[in-house]
Amino acid sequence: MAALLATISDVADELGRLFASNGHELAVVGGRVRDIFLRRFEGDLDLATDAPPERVLQITSGWADAAWQVGIAFGTVGMRKGDTVLEITTYRSEQYLRHSRKPDVRYGTSLIDDLGRRDFTVNAMAVTLPRHELVDPFGGLADLRNKVLRTPGKPEDSFGDDPLRMLRAARFVAALGLVPVPGLRAAMTDLAPRLEIVSAERICAELERLLLAGRPGGPSAGISLLVETGVAEHFLPEVPKLQLEVDEHHRHKDVYRHSLTVLDRAIGLEERYGLRQDLRLRLAALLHDIGKPGTRTPLPGGRVAFHHHDMVGAKLARSRLKRLRFPGDVIADVARLIELHLRFHGFGTGEWTDSAVRRYVTDAGPLLTRLHALTRADCTTRNKAKAARLDRTYDELERRISALAEQEELASIRPDLDGNEIMALLHIRPGPLVGRAYAHLRELRLEHGPLGRDRAVHELLRWAEAAGVGGTGEPPAEG
């Protein structure tokens, strides 16, 4: 323990001596202490003190290279010393009023009381500075060793003070493999509706951190906790709703379990495709089938179909992620992956024409590697022969893509004539007609590959004649 605690930075020790000489306490708190025992030594330093924020600014004036007061209303002062970034927060308690999204913050004078208001025991440890004494009044180190997730006090009080802690519980299940005690799960179930007072931005940040957990099987375990306790109903209801559907091939107990399997498999494929903790892929894997409940169609023999669930699911994902305040580019990419996740199965059993390959690559665009991972992850049949056949078919598709890419610029397929050439040849001004002509030539390019300028001109003029575009560049009058 002494060796691990000695890894705390020299800058923090220097600051601890400065606070002590001014008659105040200073301690490293929270996740940084937990991570020391997990042998993780990166990240900024979170410190706690009995000094109020104004006094913190006085003590560090002339010592810190820079300071900022963005969080001072909540008792936090940020600063930088050399390359070290620190946040110093006055001992405090936080409580959310019944219908408020902002906590009521009150300052305190006791380190143990400050630790007692923290979310979980594994985060309720501190190391005093500069003496490096461990303060662990709630048994956080033992819980970390035993993989137990508990709150310092009653879980009802903890989640009542800040309902976002229910999502944090799932994140620690995902990231650290901690097992919630029964009382914690029960409190999550009872207090799940309280999550509705938490801002979408905070929920989005926690969900992102959960999904990006690096522990194998971690993200799906975290999602499972949220679904089983009913918490997911209040911010991501499309996922628990998947439990009501059995997939069309009867491969899984429900579509929900299938979706978690796809999430696990997609994460396992990230390294193969040069991806690392890829949020877009993981969101698409989790949400790829959320269009199924709304598109369920009974078939003879007790079977069901989910026609167009890819398009419906993309629309639902776009709406939900927008409500959760995900960035627009992430939303667009996730929705597009969901739209495309069945495209591979629409090309038969592997007789891929050059045209089909071009369209697949062009439609995927910069999402192609993610689409590869998502499509492979979605092939979860228990039939080993069928699984092997699908795998070989996708191997062949990727081989065809590579071979064709050597001959053509698949990543940026464009017609053989650009807009300026189209306007000059047809004597037309900029407008929708140019776009129609361009789209026609692009379709020919996708279907037949590079045409060459002479053939492209011939095809353009033939299209213009059929469309009634004369030398003036104007379409014929209607009627």
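So, here is what we can say about the structure in this document.

**What to know about the overall build of the chain**
- The helix and strand inventory of the chain stands at 21 helices and 13 strands.
- The C-alpha atoms of the chain give a radius of gyration of 29 Å, which is well past the 23 Å a tight globule of 479 residues would have.
- The principal-axis extents of the C-alpha atoms in the chain amount to approximately 90 × 60 × 45 Å.
- Taken across its 479 residues, the chain has 51% of its residues classed as buried.
- Contacts in the chain between residues at least 24 apart in sequence constitute 66% of all its contacts with a sequence separation of at least 6.
- Of the roughly 22,800 Å² that the chain leaves accessible, carbon and sulfur atoms contribute 50%.
- On the chain, the mean spot of the 67 positive side-chain charges and the mean spot of the 67 negative ones are 3 Å from each other.

**Remarks on the packing of aromatic side chains**
- Evaluation of the coordinates by the stated rule reveals 2 aromatic pairs.
- Each ring, one from phenylalanine 120 and one from phenylalanine 172, has its centre 5.6 Å from the other, and the planes form 80 degrees; the classification is edge-to-face. With phenylalanine 120 in the loop between helix 5 (111–116) and strand 8 (126–128) and phenylalanine 172 in helix 8 (residues 165–176), this pair connects stretches of sequence that are 52 residues apart.
- Assessed through its relative accessible area of 0%, phenylalanine 120 is described here as buried.
- Overall, the relative accessible area of 4% leaves phenylalanine 172 in the buried class.

**Things to note about the environment of alanine 437**
- Within the secondary structure, alanine 437 sits in helix 20 (residues 432–448).
- Apart from residues lying up to four places away in sequence, alanine 437 is in contact with Ile422, Leu426, Leu460 and Trp463.

**Side note on the environment of leucine 340**
- Structurally, the position occupied by leucine 340 is in helix 15 (residues 328–340).
- Note: C-alpha distance between leucine 340 and leucine 390 (50 residues apart in sequence) is 17 Å.

**Points about the nonpolar core**
- Core analysis: the biggest nonpolar cluster contains 115 residues, and Phe235 and Phe326 have the highest contact counts within it.
- Residue contacts for phenylalanine 326: discarding those within four places in its chain leaves Cys204, Leu207, Leu279, Leu283, Leu321 and Ile331.
- One finds Ile422, Ile428, Ala437 and Leu460 within the second-largest nonpolar core, a separate group that totals 17 residues.

**Some words on the sheet that holds strand 9 (residues 134–135)**
- Strand order in the open sheet formed by 7 strands is 3-4-5-2-1-8-9, with mixed pairing between adjacent strands. Single-partner strands in this sheet number two, and they are strand 3 (66–68) and strand 9.
- Across the sheet, helix 2 (residues 10–21) lies against strand 1 (26–29), strand 2 (45–49), strand 4 (76–81) and strand 5 (84–90), angled at about 35 degrees from strand 5, the strand it touches most.

**Remarks on the side chain of threonine 151**
- Along the chain, threonine 151 turns up in the loop between strand 10 (148–149) and helix 7 (155–161).
- Of the polar contacts made by the side chain of threonine 151, one reaches the backbone oxygen of glycine 153; its length is 2.7 Å.
- Threonine 151 has contacts with Asp119, Phe120, Thr121, Ser158 and Leu184, leaving out every residue within four places of it along the chain.

Each value, and the rule that gives it
- Throughout, residues of each chain are indexed from 1 in the direction in which the sequence is written.
- Residues qualify for local features only when their pLDDT is at least 70, as the model is predicted, and side-chain atom pairs are given and counted only at 80 or more; totals for whole chains, interfaces and linings, by contrast, use all residues.
- Excluded from the side-chain calculations are hydrogens and water; all other atoms, namely the structure's heavy atoms, are used.
- Elements are defined by DSSP. Helices are runs of H or I of four residues or more, strands are runs of E of two residues or more, and each kind is numbered from the N terminus.
- Throughout, radius of gyration means the C-alpha value; the globule benchmark is 2.2 Å times the number of residues raised to the power 0.38.
- Relative accessibility under 20% of the residue-type maximum defines a buried residue, over 50% an exposed one, and the middle range a partly exposed one, all with a 1.4 Å probe and only protein chains included.
- Every residue pair with non-hydrogen atoms within 4.5 Å of one another is taken to be in contact.
- In these tables, accessible area is a Shrake-Rupley quantity obtained with a 1.4 Å probe, and a residue counts as shielded only by the protein chains included in the view.
- We count Lys and Arg on the positive side and Asp and Glu on the negative side, and we leave His and both chain ends out.
- To locate a charge, take NZ of a lysine, CZ of an arginine, CG of an aspartate or CD of a glutamate.
- Pairing of aromatic rings covers Phe, Tyr and Trp, the last counted by its six-membered ring, and requires centre-to-centre distances within 6.5 Å; plane angles under 30 degrees mean stacked, over 60 mean edge-to-face, and any other angle means tilted.
- Buried residues of nine kinds, namely Ala, Val, Leu, Ile, Met, Phe, Trp, Tyr and Cys, make up a nonpolar core once their side-chain atoms join them within 4.5 Å.
- Here, strands pair whenever DSSP counts at least two bridges between them.
- Axis definition: a line fitted to C-alpha atoms, over the contacting stretch in the case of helices. Angles run 0 to 180 degrees between N-to-C directions.
- Counted as a polar contact is a pair of N or O atoms within 3.5 Å, where, for protein atoms, one must be capable of donating a hydrogen and the other of accepting one, and residues adjacent in sequence contribute only when both atoms are in side chains.

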